[in-house]
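Take a look at the letters that make up each chain.
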Amino acid sequence: MTSKNIVIVGGNAGGGLMAGRLARMLPKDQVNITVLDKLGKVEFQPSFTYVALGNRTEEQVSKDFTSMARENVKPVKAEVTKVDAANRTVYTNNGQYKYDILVLSPGVQLNDSKFKGHEDTYHFWDMQSSLRLRSALSKFKKGRIVISVASPIYKCPPVPWEMSMLLHEYFTNKGIRNDVDITVAHPMGRQFEMFGPNIADPLGNWMNDMKINGHYKFMPTYADPVKHELVGQNNESIKYDLAIVSPIQTAPDFVTSNDDLKSKVGWADANYRNFRNSKYDDIYSIGDVISPTLGMGMAGAFTHFEADTVATFIADDIIGSYLTLPFNPVAMCAMEGGSYGWVAYCDFGKKLRDPTYAFNDCSVMGRGRIYKMLHSIYEKYYYATILRGRV
């Protein structure tokens, strides 16, 4: 039997997990798996907040992805520039790769320069920016920190509020919390609005207890480095001494420039039953790059479940008979609350089936210091799964 070539774009939460799943599920003599990643690293992005606060080093949350290499898994550092779907070819800055099956999990493209005045702001959506923010926070002694987002679509929807609570703890432990004003400025109508009242209500109480301010229905269009203001639509402005603003995030250029790959909303095309492309059934897409297409938030938990589902469909394609796994739209997310952790439970199933459904079915499962351990446990699981294929 001629072996199949599987090319996976992206070596992190979606693509890295997919490679490990397929390597275990499929006979080694039937598949060759190539994983293309532009950074050549496996990074645990939920810990970028910890990097910014000094609780993690770059080496702890960013690993060389060549460790995922196995007999039939070949990791290659390469940035995709084009996909020729008709001829099953992926073009990169490091050669061309033919495929029988293609899995796209490239994550998002961060466009810092598209936000005017970005040089006067900080963020923690990639490693180098997290290290830059870390340096700024270490010197910050007094004033107003504003956390905001440059577009309504960004990785990890709860993270602006999560970071605000971590900053509360950070400055409390330094003994200067009374000298630091922390404000979250967000386009939503209130904190965690997208998760419904069962989460928004208690989170609002927690933030009030911490004296974290909220400025809502606000999205900055640019930063004024002279006045130190974030300026939003209708010229509304917010003063800052230090601004943390998520960069504008889009699908990678090789997706947005390709009608065969992109959906009507400009992100990767896929359906939530098996995550196949609507034009080419040999192309699958998972992770952040399809979340806006499906109307979901960008979350690693759902990326993992998407990888689980797609792996079974690929196994069925190759073996010819494999019991496929339905996508699980239910997830628990461990989040930070400063000196404690908390866990959110969310079921996106109703909203995926009916986009007019008001809110996702979400609730707080627990809050306390013991829940802080879940972040570290998940971090270890992440690397054990992707780099060593143990789970």
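It should be emphasised that the depicted structure is a prediction, and the values quoted were computed from it without experimental measurement.

1. With respect to the sheet that holds strand β15 (residues 220-224)
Here is step 1: Strand order in this open sheet of three strands is β15-β16-β17, and the pairing throughout is antiparallel. Of all the strands in the sheet, just β15 and β17 (237-239) have a single pairing partner and so form its edges. Across the sheet, the axes of successive neighbouring strands diverge by a mean angle of 20 degrees, strand direction being ignored.
Here is step 2: Pairing of β15 with strand β16 (residues 229-232) involves four bridges; the strand directions are antiparallel. Looking across to β16, one finds that A223 is bridged to L230.

2. Structural notes on the state of the cysteines
Here is step 1: Inspection of every chain in the model, using the stated rule, returns one disulfide.
Here is step 2: C346 shares a disulfide with C362; S-S distance 2.1 Å. An S-S torsion of about 120 degrees defines the bridge between C346 and C362 as right-handed. Highlighted residues: C346 in strand β22 (residues 341-347) and C362 in strand β23 (residues 361-368), separated in sequence by 16 residues. Neither C346 nor C362 differs from the other in exposure class; each is buried.
Here is step 3: Its sulfur unpaired, C333 is 6.0 Å from the next cysteine sulfur, which belongs to C156.

3. Side note on the nonpolar core
Here is step 1: One finds I6, M18, I145, L167, I314 and W342 to be the most contacted residues of the largest nonpolar core, which totals 113 residues.
Here is step 2: Counting 11 residues, the second largest nonpolar core, distinct from the first, contains F115, Y240, A243 and V245.

4. Things to note about a nonpolar patch on the surface
Here is step 1: Together, I370, M373, L374 and I377 give the surface a local cluster of nonpolar side chains, amounting to about 380 Å² of exposed area.
Here is step 2: Within the secondary structure layout, I377 lies in helix α11 (residues 372-386).

5. Considering the packing of helix α4 (residues 127-139) against helix α5 (residues 159-174)
Here is step 1: Remark: α4 packs on α5, axes separated minimally by 12 Å, with the N-to-C direction vectors making an angle of 40 degrees. Comparing their axes, α5 and α4 come out oblique. Seen from above, α4 lies across α5 with right-handed handedness. Facing α4, whose interface residues are L133, L137 and S138, α5 presents M163, L167, Y170 and F171.
Here is step 2: Across the contact of α4 with α5, the residue classes tally to six nonpolar, one polar and no charged.

6. Brief notes about the side chain of S47
Here is step 1: Along the chain, the position of S47 falls in the loop between β3 (41-43) and α2 (48-53).
Here is step 2: Polar contacts involving the side chain of S47 include one to the side chain of E379, which spans 2.5 Å.
Here is step 3: Excluding its chain neighbours within four sequence positions, the residues that come into contact with S47 are R56, V61, H375 and E379.

About the cut-offs
The numbers attached to residues start from 1 for each chain and follow its sequence in the written order. Selection of residues for local features in this predicted model requires a pLDDT of at least 70, selection of side-chain atom pairs for listing and counting requires 80 or more, and totals for whole chains, interfaces and linings are taken over all residues. In computing side-chain properties, one takes all heavy atoms of the structure into account and sets aside hydrogens as well as water. Following DSSP output, two strands are said to pair if at least two bridges run between them. Helix and strand definitions here come from DSSP, where helices need a minimum of 4 consecutive H or I residues and strands a minimum of 2 consecutive E residues; each element is numbered from the N-terminal end. For helices, the fitted axis covers only the stretch in contact; all axes are lines through C-alpha atoms, and the angles between them, taken along N-to-C directions, range from 0 to 180 degrees. In plain terms, two cysteine sulfur atoms within 2.5 Å form what is called a disulfide here. Exposure classes here rest on a 1.4 Å probe applied to the protein chains alone. A residue is buried below 20% of its type maximum, exposed above 50%, and partly exposed in between. Only buried Ala, Val, Leu, Ile, Met, Phe, Trp, Tyr and Cys residues count toward a nonpolar core, and they belong to the same one when joined by side-chain atoms within 4.5 Å. Two distance rules govern patches: like charges are joined within 9 Å, and nonpolar side chains (Val, Leu, Ile, Met, Phe, Trp, Tyr) within 5 Å, applied only to residues with over 30% relative accessible area and no salt bridge. The Shrake-Rupley method, run with a 1.4 Å probe, gives the accessible areas here. Residue values count only the displayed protein chains as cover. In what follows, salt bridge is the name for a side-chain nitrogen of Lys or Arg lying within 4 Å of a carboxyl oxygen of Asp or Glu. Each angle gets one of four labels, with under 35 degrees taken as roughly parallel, over 145 as roughly antiparallel, 65 to 115 as roughly perpendicular, and the rest as oblique. By definition, any crossing whose near helix is turned counterclockwise from its far helix by less than a right angle is left-handed, and any crossing with a clockwise turn is right-handed. Any two residues having at least one pair of non-hydrogen atoms within 4.5 Å are treated as being in contact. The classification used treats Ala, Val, Leu, Ile, Met, Phe, Trp, Tyr, Cys and Pro as nonpolar, Asp, Glu, Lys and Arg as charged, and all other residues, Gly among them, as polar. Polar contact criterion, stated in full: a pair of N or O atoms within 3.5 Å, where within protein one must be able to donate a hydrogen and the other to accept it, and residues adjacent in sequence count only if both atoms are side-chain atoms.

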